[in-house]
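# Examining the three-dimensional arrangement
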Amino acid sequence: MVEVVGKPDVRRALQTVLGRILPPGWRATLQPAGAQDSGIDAILDIVSPTGDRSRACVEFRTRAEPADVYRQLPWLQQRGAALLVAPRISPRTRKILAD
(Lines give C-alpha, C1' and ligand atoms only; values in the text may rest on other atoms or scores of the structure.)
Protein backbone atom coordinates (compact mmCIF):
# COMPACT_ATOMS: atom_id res chain seq x y z
CA MET A 1 0.00 0.00 0.00
CA VAL A 2 1.22 3.50 -0.86
CA GLU A 3 0.20 6.46 1.29
CA VAL A 4 -1.08 9.27 -0.90
CA VAL A 5 -0.89 12.91 0.13
CA GLY A 6 -0.13 14.98 -2.99
CA LYS A 7 0.19 14.64 -6.78
CA PRO A 8 3.77 13.27 -6.59
CA ASP A 9 2.44 10.52 -4.29
CA VAL A 10 -0.35 9.73 -6.75
CA ARG A 11 2.24 9.45 -9.52
CA ARG A 12 4.40 7.10 -7.42
CA ALA A 13 1.34 5.02 -6.54
CA LEU A 14 0.51 4.59 -10.25
CA GLN A 15 4.07 3.51 -11.01
CA THR A 16 3.95 1.02 -8.12
CA VAL A 17 0.63 -0.47 -9.24
CA LEU A 18 1.74 -0.74 -12.87
CA GLY A 19 4.87 -2.57 -11.75
CA ARG A 20 2.70 -5.07 -9.88
CA ILE A 21 0.00 -5.70 -12.48
CA LEU A 22 1.81 -5.69 -15.81
CA PRO A 23 2.75 -9.15 -17.05
CA PRO A 24 6.44 -10.06 -17.45
CA GLY A 25 8.02 -8.45 -20.49
CA TRP A 26 5.67 -5.45 -20.53
CA ARG A 27 7.04 -1.96 -19.86
CA ALA A 28 5.31 1.17 -18.63
CA THR A 29 6.94 4.58 -18.80
CA LEU A 30 5.55 7.82 -17.40
CA GLN A 31 6.91 10.93 -19.08
CA PRO A 32 6.18 14.49 -17.97
CA ALA A 33 3.81 16.18 -20.37
CA GLY A 34 5.35 18.62 -22.81
CA ALA A 35 4.43 22.26 -23.33
CA GLN A 36 2.10 21.26 -26.19
CA ASP A 37 0.16 19.00 -23.80
CA SER A 38 -1.44 21.73 -21.70
CA GLY A 39 -3.48 20.48 -18.79
CA ILE A 40 -1.99 16.99 -18.88
CA ASP A 41 0.25 15.85 -16.04
CA ALA A 42 2.00 13.02 -17.88
CA ILE A 43 2.00 10.65 -20.82
CA LEU A 44 1.81 6.93 -20.06
CA ASP A 45 3.50 4.70 -22.62
CA ILE A 46 2.87 0.95 -22.31
CA VAL A 47 4.88 -1.43 -24.51
CA SER A 48 4.13 -5.15 -24.93
CA PRO A 49 6.84 -7.79 -25.34
CA THR A 50 6.16 -7.74 -29.11
CA GLY A 51 6.73 -3.98 -29.29
CA ASP A 52 3.08 -2.96 -29.62
CA ARG A 53 2.60 0.37 -27.94
CA SER A 54 -0.28 2.24 -26.31
CA ARG A 55 -0.23 5.82 -25.08
CA ALA A 56 -2.56 7.63 -22.73
CA CYS A 57 -2.75 11.12 -21.30
CA VAL A 58 -2.65 11.06 -17.51
CA GLU A 59 -4.27 13.47 -15.07
CA PHE A 60 -3.23 13.06 -11.43
CA ARG A 61 -5.67 14.15 -8.76
CA THR A 62 -5.57 14.00 -4.98
CA ARG A 63 -9.39 13.93 -5.09
CA ALA A 64 -11.83 12.92 -7.82
CA GLU A 65 -15.15 14.47 -6.84
CA PRO A 66 -18.08 13.60 -9.14
CA ALA A 67 -18.91 17.24 -9.95
CA ASP A 68 -15.28 18.06 -10.84
CA VAL A 69 -14.94 14.96 -13.01
CA TYR A 70 -18.24 15.72 -14.75
CA ARG A 71 -17.00 19.23 -15.62
CA GLN A 72 -13.71 17.80 -16.87
CA LEU A 73 -15.28 15.08 -19.06
CA PRO A 74 -15.25 17.06 -22.35
CA TRP A 75 -11.55 17.79 -21.83
CA LEU A 76 -10.80 14.12 -21.07
CA GLN A 77 -12.79 12.96 -24.11
CA GLN A 78 -10.83 15.28 -26.43
CA ARG A 79 -7.59 13.62 -25.32
CA GLY A 80 -8.43 10.20 -26.75
CA ALA A 81 -6.97 7.61 -24.41
CA ALA A 82 -6.93 9.25 -21.00
CA LEU A 83 -6.34 8.04 -17.49
CA LEU A 84 -7.57 9.79 -14.36
CA VAL A 85 -5.52 8.69 -11.35
CA ALA A 86 -6.66 9.42 -7.79
CA PRO A 87 -6.33 7.68 -4.43
CA ARG A 88 -10.05 6.89 -4.41
CA ILE A 89 -12.64 7.05 -7.16
CA SER A 90 -16.17 6.69 -5.80
CA PRO A 91 -18.80 4.49 -7.50
CA ARG A 92 -20.62 7.63 -8.66
CA THR A 93 -17.45 9.08 -10.22
CA ARG A 94 -16.73 5.72 -11.88
CA LYS A 95 -20.21 5.74 -13.40
CA ILE A 96 -19.65 9.25 -14.80
CA LEU A 97 -16.37 8.13 -16.37
CA ALA A 98 -17.88 4.93 -17.76
CA ASP A 99 -20.86 6.65 -19.41
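Residues numbered from 1 in each chain as written. Predicted model: local features only at pLDDT ≥ 70, side-chain atom pairs only at ≥ 80, totals over all residues. Heavy atoms only, no water.

### Here's the deal with the nonpolar core
Worth spelling out the cut-off: Here the nonpolar core consists of buried residues drawn from Ala, Val, Leu, Ile, Met, Phe, Trp, Tyr and Cys, with membership extended through side-chain atoms lying within 4.5 Å. Accessibility here uses a 1.4 Å probe with only protein chains present; expressed as a share of the type maximum, an area under 20% marks a residue as buried, one over 50% as exposed, and anything in between as partly exposed. Helix and strand labels come from DSSP, where a helix needs a run of H or I of at least four residues and a strand needs a run of E of at least two; each type is numbered from the N terminus. Contacts between residues were defined by any pair of non-hydrogen atoms, one from each residue, lying within 4.5 Å.
With nine residues, the main nonpolar core is built from Val 10, Leu 14, Leu 18, Leu 30, Ala 42, Leu 44, Val 58, Phe 60 and Val 85. Elements represented by at least two residues in this core include exactly α1 (7–21), β2 (42–47) and β3 (53–60). Per-element tally for this core: the top contributor is α1, with three residues. When near neighbours in sequence (up to four residues on either side) are disregarded, Leu 30 contacts Arg 11, Leu 14, Gln 15, Ala 42, Ile 43, Leu 44, Val 58 and Phe 60. Membership of the second largest hydrophobic core comes to seven residues, among which are Leu 73, Leu 84, Ala 86 and Ile 96.

### Looking at the sheet that holds β3
Put simply, the rule is: At least two bridges found by DSSP between two strands is the condition for calling them paired. Each axis is a line fitted through C-alpha atoms, taken for helices only over the stretch in contact, and angles between the N-to-C directions span 0 to 180 degrees.
With respect to topology, four strands assemble into an open sheet ordered β1-β2-β3-β4, the strand pairing being mixed. Of all strands in the sheet, those with a lone pairing partner are β1 (27–32) and β4 (82–85), marking the two edges. Each strand of the sheet is rotated relative to its neighbour by a mean of 30°, with strand direction disregarded. Where β2 and β3 come together, six bridges link them in antiparallel fashion. Residue pairing in the sheet places Ala 42 in a bridge with Val 58 of β3.

### Observations concerning the confidence of the model for the chain
Close reading of the predicted structure is inappropriate where its pLDDT is low. The line we're drawing: Confidence scores labelled pLDDT are given residue by residue by the predictor and lie between 0 and 100.
Across the chain, the average pLDDT comes to 85, with 92% of residues at 70 or higher. Confidence, read as mean pLDDT per element, is least for helix α2 (residues 66–78) in the chain (84) and greatest for β2 (94).

### Regarding the pairing of β2
Of all six residues in β2, five are buried, a share of seventy percent or more. Inspection of the sheet shows β1 paired to β2 by six bridges, in the antiparallel sense. Considered in β2, the bridge of Leu 30 is made with Leu 44. Between β2 and β3, which follow one another and run antiparallel, lie five residues, and Gly 51 among them has a positive phi close to 95°.

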